[in-house]
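Chains, contacts and geometry: an overview
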Amino acid sequence: MAAQTEESDCAREQTKAEQDVDQVRQRAARDQQRLDSGAITSPKDLENLQHEITSLAKRQGNLEDVVLEIMERRESAQERVSELTERVSSVQSKIDSATERRTAAYQELDGEAAAVTKEREVVAGSVPADLLKLYEKLREQQGGVGAARLYQRRCEGCQLELNITEVNEVKAAARDAVLRCENCRRILVRTSESGL
Ligand SMILES: [Zn+2]
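Below you will find a few notes about this structure. (Residues numbered from 1 in each chain as written. Predicted model: local features only at pLDDT ≥ 70, side-chain atom pairs only at ≥ 80, totals over all residues. Heavy atoms only, no water.)

**Observations concerning the coordination of the zinc ion**
Surrounding the zinc ion are the protein donor atoms Cys 155 (SG), Cys 158 (SG), Cys 181 (SG) and Cys 184 (SG), at 2.3 Å. Of note is the zinc ion, whose four donor atoms meet at the metal with angles of 106 to 115 degrees in an arrangement that counts as tetrahedral. What makes Cys 155 buried here is its relative accessible area of 0%. In this structure Cys 184 comes out as buried when scored by relative accessible area, which is 8%. (Donors = N, O, S within 2.8 Å, 3.2 Å for Na, K, Ca; no water. Tetrahedral: all angles 85-135°; square planar, octahedral: opposite > 155°, others 65-115°. Buried < 20%, exposed > 50% of the residue type's maximum accessible area, 1.4 Å probe, protein only.)

**A look at helix 2 (residues 43-125)**
The end-to-end C-alpha distance of helix 2 is 120 Å, a good match for the 123 Å that 83 residues give at a rise of 1.5 Å each. Turning to helix 2, its buried residues number three or more, namely Leu 49, Ile 53, Leu 56, Gln 60, Leu 63, Val 67, Ile 70, Ala 77, Val 81 and Ala 124. Tucked inside the fold, the buried residues of helix 2 contact helix 1 (2-37) and helix 3 (129-141). (Helix = DSSP H or I, 4+ residues; strand = E, 2+ residues; numbered from the N terminus. Expected span 1.5 Å × (residues − 1). Contact = heavy atoms within 4.5 Å.)

**Let's talk about the nonpolar core**
Core analysis: the largest hydrophobic core is formed by ten residues, namely Ala 148, Leu 150, Cys 155, Leu 162, Val 167, Val 170, Leu 179, Cys 181, Cys 184 and Leu 188. Listing elements by their share of this core, those giving two or more residues are strand 1 (147-151) and helix 4 (164-172). Among all residues touching Leu 179, those that are not within four sequence positions of it are Val 170, Ala 173, Arg 186, Ile 187, Leu 188 and Arg 190. By size, the runner-up hydrophobic cluster in this structure holds eight residues, among which are Ala 17, Leu 56, Leu 63 and Val 67. (Core = buried A, V, L, I, M, F, W, Y, C linked by side-chain atoms within 4.5 Å.)

**Focus on the packing of helix 1 against helix 2**
At a minimum axis distance of 8 Å, the contact between helix 1 and helix 2 shows a crossing angle of 160 degrees. As the angle between them shows, helix 1 and helix 2 are arranged roughly antiparallel. Crossing angle aside, the handedness with which helix 1 passes helix 2 is left-handed. Tallied by class, the residues present in the contact of helix 1 with helix 2 amount to 20 nonpolar, six polar and 15 charged. (Axes fitted to C-alpha atoms, helices over the stretch in contact; angles between N-to-C directions. Parallel < 35°, antiparallel > 145°, perpendicular 65-115°, else oblique. Left-handed = near helix turned anticlockwise from the far one by under 90°. Nonpolar A, V, L, I, M, F, W, Y, C, P; charged D, E, K, R; others polar.)

Structure below.
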């Protein structure tokens, strides 16, 4: 925006400077006409007129230099505008593509969440009500994890290994007994990899 403002400022300046040149040029042309017409006869007047034409030519030259200087500045401002415009559009396309990917990721996550929620509902439906209640209570107390796998004699909830007494208790427990970790109190889930 700053570059565009600079460019339009230069454009305005250029128009003004060109008008200045034009005025001087027109005045010099008028003087020249008067000189050429032969209407002026007084040597003093002729000399004055000649003098003015010379100084107007010099002034015109100076003003044209000003125009050139402004044009140069304007050109570099234009270059800057087009360079920045290009950069803006490249950044914008990066934003667009990131937004697109984010939207796709959201959709995927939403789909996944819906599937997992449904899956959980099915599993929860098969769990006895009192056990589910215990699990929900523990889950709330234990940072979202109410049950943990017993893996190689280690509770994967708190990562502590069961001592030999605890292992023996687990071994002796009925297959459908609800076991709890002595350390973190989470429900312990036995699998073939529990190391029993
Ligand atoms: Zn534990």
